[in-house]
Amino acid sequence: MSNDKISSVLLENRVFPPPAEFAARARVNAARMAELRAAAEKDSVGFWADLARRELDWHTPFTVALDDSAAPNYRWFTDGRINVSYNCIDRHLAKRADKVAIRFEGEPGDVATLTYRQLHEETCRLANALKSLGIGKGDRVVIYLPMTPQAVIAMLACARIGAVHSVVFGGFSAQSVKDRVEDAGARLIITADGGHRGGAVVELKKAADEALAGGCPTVEKMIVYKRAGQPVDWKDGRDLWWHELTAKAAPQCEPEWVEAEHPLYLLYTSGSTGKPKGIQHSSAGYLLGAHQTTQWIFDLREDDVFWCTADVGWVTGHTYVCYGPLSNGTTIVMYEGGPMVPDAGRFWKICQDHKVSLFYTAPTAIRALMKMGEEIPARYDLSRLRVLGSVGEPINPEAWIWYYRVIGKEKLPIVDTWWQTETGAAMMSPLPGATTLKPGSCTQPIPGIFADIVDESGTPVTDPDHGGYLVITKPWPSMLRTIWGDNDRYIKTYWAHFNNRYYVAGDSAHRDADGCYWIMGRMDDVLKVAGHRLGTMEIESALVAHPRVAEAAVVGKPHDIKGEAIVAFVILRGHRPVGAEAEALVKELREFVSHTMGPIAKPDDIRFADNLPKTRSGKIMRRLLRSIARGEAITQDVSTLENPGIVAQLAGKA
Ligand code: PRX
C-alpha cells in the first residue's frame, strides 16, 4: 500500500446498546468489562497469566508468564505442562460426564449425540490406535475428514498424545492435500470414504489416494473412517479402517503432558505468495485464547447449545467448533452439509431441532439466506437463540440489520468478531452484555488485546475519517508462534514492516470517534471469497500450470453474496480464441483450477487478452485490473504502462 491515507468507505450511524435484561444476567456487563480492561491495561501479561491459572488445568503450573527474549517469537507460560484434550474432556467428567458434548446432524438427516464420557472414550481409543501405529509427540498428522464428530475426535486424539494435527478442509483438492502433507512432513492421514455435501458425496479418500500417489513420501498409514459407505480403493499395508482399529484399542489413554509451547496444530492459510503457509499454534496460549473468548464473547452458560457453522478445516472450526466450547464443557452442534440442502431453511431447522442458543456463522451465509426471503426462517422456532455471531469478512450493514431483525427479532446481540488464522482467537468483538453495537463494526479489542491503526511511518492514525494498517501492539497468548519451517517468513510477513514493533494483520481499518474499529479489507493479495481466504498468487499458479496458459493475473471484485468474486485475466499460448472456442476454454480452465485447488477457488470470470497491463519495470498493475474487473471508469494514470493500449482490450472495448 502507498502512503495514501485510506478514506473510510462505510457510513452507518445506528447504534444498539445491550438489551437491559441481557446485560443484567451477562457474565460481563459494562462495569465488568471496564474492570477487565483496566486490569489488562495495567499489566497485560499478568492479566493473561491470572486467567491461564484460573481457567486452565495444568499438570505442572508455570512460573514464567511471557518469555520475550526471542521476540517477535514470543513464548507464553513456558515452564508449564498441560494437555489440551484433558482440558477439553477429562476435566469435565466429574460433573458433566453425561452432558452432551456433540450433537451431530448429517446432511442426509441422520442424528447422533456424544456425551462427554463417550467423547472421552472415543478420543482415547483413537489416541491408543495412533500410538499403536507408532505416532507420538511431535509427529504431524493430516486430518482430511467431513464435518462429523470424528473430525473433532481426531483433533483431540492427536492433542492427547502430543501429535501435531493439520486439518485440511474437505473442499480442497488432492493437490492441496499433497502440498500440505509434504510441507508438514506428515506421517499419517486420517480421512473418510466420503462425506455428504450439497447433495453429493465428496470423495475424500479418493483425493487422499491421489495426493499420496503423486508424492508424500513421509506418509506411512492412512486411517479411513466409514461415513458415506461407498466403495473405495484399498492399499493393503497402508490403509486401515477407523472402526477396526479403534475396536481393538483401549478406552483409556493417559494424556501426554506437553510443554505449554508444544505445537498443538498447523493450519495452512493463504498469503501473498503462491505457497500456503503453515500457521503454527501453541498448546496452552492457544487454548487460553480459544477458551476465554468463547466464554466472554458468547456469554456462555451451562445450558447453552453452541453452533458455529464453520468447517473444522478453517481456524474458526478449530477455535469455535472444537477447542473453545469444549474446554468450557459446552454442548456443540456439528452439521455435515450445506446450508441449502434440502432448502434454505436447513440452518434454521437445525437451530430449532437442536435448541441452539448461540449461533455463529459467516456473512456470506447470512447474505445467501437473506436472499431466499424472510418467510423461510419464520417457519422455525428460533426462540432459544440468545446471541448471534458473525465472522470471516466484513458484514455489510444491510446483512447485519437483516440478521438482527429477522433472526434476532430485534432482541439479540450480534457479535461481529474480527480475527485471523494467525491470531488463534477472536481479537476484536463486542461483548454482548457490555458493548453498544454498530452494524458493520467489530467494535473494539476484547480485554487483554491492544490494537491500533498506524500510517506508513508507524504513527497512530487518530483522525476518525482516515484508515491505515491494523496492528496489534502487544503480544497475546493465542498468537501464532511461527510459520512452520520458515521463521524468516514469519518475521517478514507479520513484523518486519514496522521493525518488529507491531504485529501487522494485513488488513486496513479505520477507527471512529467512539474508538470503534471498521475493517476495510486486506492490504495484500488475499481474497475473501464466501469467507474463505484465498491467495491470488495461488490461483495464478494453478492457472499457469495449464498448458494453454502463459500468464495470469487474478483480482477480486465485489459480489453480493460471496463478498468477493474471483476474476482472472489470462494470456494464452498461441492464438486468442473467441466465441464458442473461448467459452469452452473458460469452462476447461475453471474446472482445471477447481481440480488443482478445490471448487472454492474456481474463478467466476475468466478474460483472455494479448497482454497484461505492466509498468516499464514489468510489474503487473493490479489496481488497474481491479478497476477493469469492476467495470469502473479508469482513473489511474496509464501513461507509465509499457503497453497502454492493452487497457481497452482488457475492458472488452477492443
Ligand atoms: O480480512 C480479515 C477477514 O478475514 C481475514 C482472516 O481470514 P482467516 O485467517 O481465514 O480467518 C477467518 C476467520 C477468523 C482477516 O484478515 N475478517 C475476519 N473476520 C472479520 C474480517 N473482516 C471483517 N470483519 C470481521 N469480523
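Remember, it's a predicted structure, so these values are computed and weren't measured experimentally.

Observations regarding the packing of helix α8 (residues 174-184) against helix α9 (residues 204-213)
Here is step 1: Relative orientation of the contacting elements α8 and α9 amounts to 55 degrees, with a least axis distance of 8 Å. Considered as vectors, α8 and α9 are oriented oblique to each other. The hand of the α8/α9 crossing is right-handed. In this structure, α8 contributes Ala174, Val177 and Lys178 to the contact, and α9 contributes Ala207, Glu210 and Ala211.
Here is step 2: Among the residues making up the contact of α8 with α9, the classes are represented as four nonpolar, no polar and two charged.

Digging into the environment of phenylalanine 498
Here is step 1: Looking at the secondary structure, you find phenylalanine 498 in the loop between α16 (487-494) and β25 (503-511).
Here is step 2: A C-alpha to C-alpha distance of 8.6 Å links phenylalanine 498 and glutamate 456, two positions 42 residues apart in sequence.
Here is step 3: Apart from residues no more than four positions distant in its own chain, phenylalanine 498 is found in contact with Val454, Asp455, Glu456, Ser457, Gly458, Tyr469, Val471 and Val504.

Concerning unusual backbone geometry
Here is step 1: With an omega of 5 degrees, the peptide bond running from alanine 71 to proline 72 counts as cis.
Here is step 2: Within the element layout of this structure, proline 72 appears in the loop between β2 (66-67) and β3 (75-76).
Here is step 3: Valine 341 connects to proline 342 through a cis peptide bond whose omega is -5 degrees.
Here is step 4: Of note, proline 342 is situated in the loop between β18 (331-335) and α13 (346-353).

What to know about the site of the ligand
Here is step 1: Around the ligand, a shell composed of 16 residues is seen, among which Asp416, Thr417, Thr421, Arg522 and Arg533 lie nearest.
Here is step 2: Within the contact set of the ligand, an oxygen atom lies 2.8 Å away from a side-chain nitrogen or oxygen of arginine 522.
Here is step 3: When the ligand is considered free in solution it has 530 Å² of accessible area, and contact with the protein chains removes 96% of it.
Here is step 4: Broken down by secondary-structure element, the contributors of at least two residues to the shell around the ligand are β21 (414-417) and β26 (517-522).
Here is step 5: Broken down by class, the residue content of the shell around the ligand amounts to five nonpolar, five polar and six charged.

Overview of the packing of aromatic side chains
Here is step 1: Per the stated rule, a full pass over the model turns up 36 aromatic pairs.
Here is step 2: An angle of 75 degrees between the planes, with centres 5.5 Å apart, marks the rings of phenylalanine 47 and tryptophan 48 as edge-to-face. Each of the two residues, phenylalanine 47 as well as tryptophan 48, counts as buried.
Here is step 3: Judged by centre distance (5.7 Å) and plane angle (65 degrees), the rings of phenylalanine 172 and tryptophan 314 are edge-to-face. Taken together, the residues phenylalanine 172 in the loop between β8 (164-167) and α8 and tryptophan 314 in the loop between β17 (305-308) and α12 (315-327) connect sequence positions 142 residues apart.
Here is step 4: Since its relative accessible area comes to 10%, phenylalanine 172 is described here as buried.
Here is step 5: By relative accessible area, which is 17% here, tryptophan 314 ends up buried.
Here is step 6: The cationic tip of lysine 226 hangs over the ring face of tryptophan 241; the distance from NZ or CZ to the ring centre is 4.9 Å.
Here is step 7: The lysine or arginine in question, lysine 474, covers the ring of phenylalanine 450, its NZ or CZ lying 4.2 Å from the ring centre.

Details of the confidence of the model for the chain
Here is step 1: Put simply, the chain has an average pLDDT of 95, and 98% of its residues get 70 or more.
Here is step 2: Confidence over residues 1-10 falls short of pLDDT 50; this stretch has 21 contacts with residues more than four positions distant or in other chains.

Quick look at helix α2 (residues 30-42)
Here is step 1: The terminal C-alpha atoms of α2 lie 18 Å apart, and with 13 residues this matches the ideal 18 Å at 1.5 Å per residue to within 8%.
Here is step 2: Along α2, the positions that sit buried rather than exposed are Met33, Leu36 and Ala40. Along the long axis of α2, the arc covered by the buried residues comes to 60 degrees, so they all point the same way. For α2, the exposed residues lying more than 90 degrees away from the buried face are Ala31, Glu41 and Lys42.
Here is step 3: Elements in contact with the buried residues of α2: α3 (44-55) and α11 (284-297).

Quick notes on the packing of helix α14 (residues 363-371) against helix α15 (residues 397-407)
Here is step 1: Remark: α14 packs on α15, axes separated minimally by 10 Å, with the N-to-C direction vectors making an angle of 70 degrees. Judged by the inter-axis angle, α14 sits roughly perpendicular to α15. Between α14 and α15, the contacting residues are Ile366, Arg367, Leu369 and Met370 on the first element and Glu398, Ala399, Trp402 and Tyr403 on the second.
Here is step 2: Here the residues of the contact of α14 with α15 sort into six nonpolar, no polar and two charged.

Rules used throughout
- Residues numbered from 1 in each chain as written.
- Predicted model: local features only at pLDDT ≥ 70, side-chain atom pairs only at ≥ 80, totals over all residues.
- Heavy atoms only, no water.
- Axes fitted to C-alpha atoms, helices over the stretch in contact; angles between N-to-C directions.
- Helix = DSSP H or I, 4+ residues; strand = E, 2+ residues; numbered from the N terminus.
- Parallel < 35°, antiparallel > 145°, perpendicular 65-115°, else oblique.
- Left-handed = near helix turned anticlockwise from the far one by under 90°.
- Contact = heavy atoms within 4.5 Å.
- Nonpolar A, V, L, I, M, F, W, Y, C, P; charged D, E, K, R; others polar.
- Near = heavy atom within 4 Å.
- Polar contact = N/O pair within 3.5 Å; in protein donor to acceptor, adjacent residues only side chain to side chain.
- Areas by Shrake-Rupley, 256 points an atom, 1.4 Å probe, with all protein chains shown as cover.
- Phe/Tyr/Trp six-rings, centres within 6.5 Å; stacked < 30°, edge-to-face > 60°.
- Buried < 20%, exposed > 50% of the residue type's maximum accessible area, 1.4 Å probe, protein only.
- Lys NZ or Arg CZ within 6 Å of the ring centre and 35° of its normal.
- pLDDT = per-residue confidence, 0-100.
- Expected span 1.5 Å × (residues − 1).
- Arc of directions from axis to C-beta.

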